[in-house]
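# Results of the structural survey
Listed below, chain by chain, are the residues.
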Amino acid sequence: MDPITALLDDLLAEVRPLTSGAPATYIPELATADPDRLAFAVVGPRGRVRDVGDTDHEFTIQSISKPFVLALALSERGRDAVLAKVGAEPSGEPFNAISLEKHTGRPANPMVNAGAIATTALVEGAGIDDRMTRIVETLSAFAGRSLWVDEDVYASESATGDRNRALAHLLRSHGVIEGSVDIAVETYFRQCSLLVTVRDLAVMASTLAFGGVNPVTGHRVVAETVARDVLSIMASCGMYDFSGEWLLRVGLPAKSGVSGGLLAVAPSQFGVAAFSPRLDAHGNSVRGIAAVETLSERFGMHLL
Ligand code: DON
């Protein structure tokens, strides 16, 4: 085992005893997750992947799709058009909050659900399939392999997605969503239901770390300015109402999702990802947070 993989292995052993938190239950299909799955991966500048634990286990990407769909919307529409529909301010509120500016109805940022649905509505394409094709292509390019949707999780999410539908109707009432609410919401549910491994997430993080070029495939996925914009928003808003404390403690742009994934980006150095479905009250992975925080400390990765 090379020294970095050995270090990651030690890190897993350190966080495994943390048994607080539980898988999300508000999407019934997510409640069936094995709480003790655990995996960790790191990708460096030459595209070398190091991963430990349940590295082949697939889980749905959930909210970690948000920064990558934001990257697509920024690439297609440009920063000003995106900012006209969704802000760039931390909301200090939970991920499913009715986080809309008083007069304009603009969501606080693209990382809370309201802002993510508004961002998904900006993706070009006539219907759900058209938009999903673009989203799947983009996220697959970030991951360096073809991703696909878990239809059971999608069905479960769509069947219980009343709050997100309500948010989308509010967005349309303010003109933030201009087209069909159903297309926006069902596309959003499908993007959240894309299956990934911890290794995929680390490669996706590394593509942001290296200015939009996937270090494994060597392909440019988005412009450097787009990668920088996405990282800026992840730094201030990526961990919901824990974003400020996360930046203080760990000092890296990051994004979490309710199935237990977490990725963090050390610009020009590493893409990092963790998977453990035990979530804290903010909807962030307990062991994932502990592992990335320890890694950041040991490698001196804090940006500030
Ligand atoms: O909107 C939802 O409920 C989910 N599909 C995504 C939420 C999510 O991952 C929030 N993360 N912590």
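Residues numbered from 1 in each chain as written. Predicted model: local features only at pLDDT ≥ 70, side-chain atom pairs only at ≥ 80, totals over all residues.

## Considerations on the pairing of strand β7 (residues 270-275)
Taking burial as the measure, the six residues of β7 include six buried ones, the bulk of the element. Of the two faces of β7, both are covered, the one formed by F270, V272 and A274 as well as the one formed by G271, A273 and F275. (Buried ≥ 20, exposed ≤ 12 C-beta atoms within 10 Å, placed from the backbone. Helix = DSSP H or I, 4+ residues; strand = E, 2+ residues; numbered from the N terminus.)

## Here we look at unusual backbone geometry
A positive phi angle is found at Q62, which is not glycine, with a value near 50 degrees. Secondary-structure assignment places Q62 in the loop between β3 (59-60) and α2 (65-77). Taking the C-beta count within 10 Å as the criterion, Q62 has 26 such neighbours and is therefore assigned buried.

## What about the site of the ligand?
Taken together, Q62, S63, F95, N113, E157, N164, C192, S256, G257, V258 and G283 make up the full set of residues near the ligand. Its residues assigned to classes, the shell around the ligand comprises three nonpolar, seven polar and one charged. Taken domain by domain, the shell around the ligand gets at least three of its residues from each of domain 1 (3-62 + 194-299) and domain 2 (65-192). (Near = placed C-beta within 6 Å. Nonpolar A, V, L, I, M, F, W, Y, C, P; charged D, E, K, R; others polar. Domains from an automatic or database assignment.)

## Topic: the sheet that holds β7
Across the sheet, which stays open at both edges, the five strands sit in the order β2-β1-β7-β6-β5 with antiparallel pairing between neighbours. Where the open sheet ends on each side, the last strands, each with one partner, are β2 (49-53) and β5 (254-256). Averaged over all pairs of adjacent strands, the angle between strand axes in this sheet comes to 10 degrees, irrespective of strand direction. As judged from the three bridges shared by β5 and strand β6 (residues 261-266), these two strands associate in the antiparallel manner. Among the inter-strand pairings, S256 is bridged to a residue of β6, identified as L262. (Pairing = 2+ DSSP bridges. Axes fitted to C-alpha atoms, helices over the stretch in contact; angles between N-to-C directions.)

## Digging into the domain arrangement of the chain
If you check the domain split of the chain, you get domain 1 (3-62 + 194-299) and domain 2 (65-192). The distance between the C-alpha centroids of domain 1 and domain 2 comes to 21 Å. Taken residue by residue, the interface counts 34 residues in domain 1 and 35 residues in domain 2. Among the secondary structure elements, those contributing two or more residues to the side of domain 1 that touches domain 2 are β4 (195-196), α9 (198-209) and α10 (224-237). With seven residues, the single largest contributor to the side of domain 1 that touches domain 2 is α10. Across the side of domain 1 that touches domain 2, the residue classes break down as 19 nonpolar, ten polar and five charged. (Contact = placed C-beta atoms within 7 Å.)

## Section: the nonpolar core
By size, the foremost hydrophobic cluster in this structure holds 95 residues, and its most contacted members are I117, A202, A205, L263, A264, V272 and A273. For this core, the two domains that each supply at least three residues are domain 1 (3-62 + 194-299) and domain 2 (65-192). In this structure, I27, L30, V258 and L279 belong to the second largest nonpolar core, which totals five residues. (Core = buried A, V, L, I, M, F, W, Y, C linked by C-beta atoms within 7 Å.)

## Considering helix α1 (residues 3-15)
The terminal C-alpha atoms of α1, which comprises 13 residues, lie 19 Å apart, in line with the 18 Å expected from a rise of 1.5 Å per residue. Every buried residue belonging to α1 is among L8, L11 and V15, and all of these are buried. An end-on view of α1 places all buried positions within 55 degrees of arc, on one side of the element. Turned more than 90 degrees from where α1 packs its buried face, P3, A6, D10 and A13 sit exposed. (Expected span 1.5 Å × (residues − 1). Arc of directions from axis to C-beta.)

## What about the environment of L8?
Examined against the element boundaries, L8 turns out to sit in helix α1. The exposure class assigned to L8 is buried, which follows from the 24 C-beta atoms found within 10 Å. In sequence terms L8 and A291 are 283 residues apart; their C-alpha atoms lie 8.8 Å from each other. Setting aside residues up to four positions removed in sequence, L8 forms contacts with F40, V42, R50 and V52.

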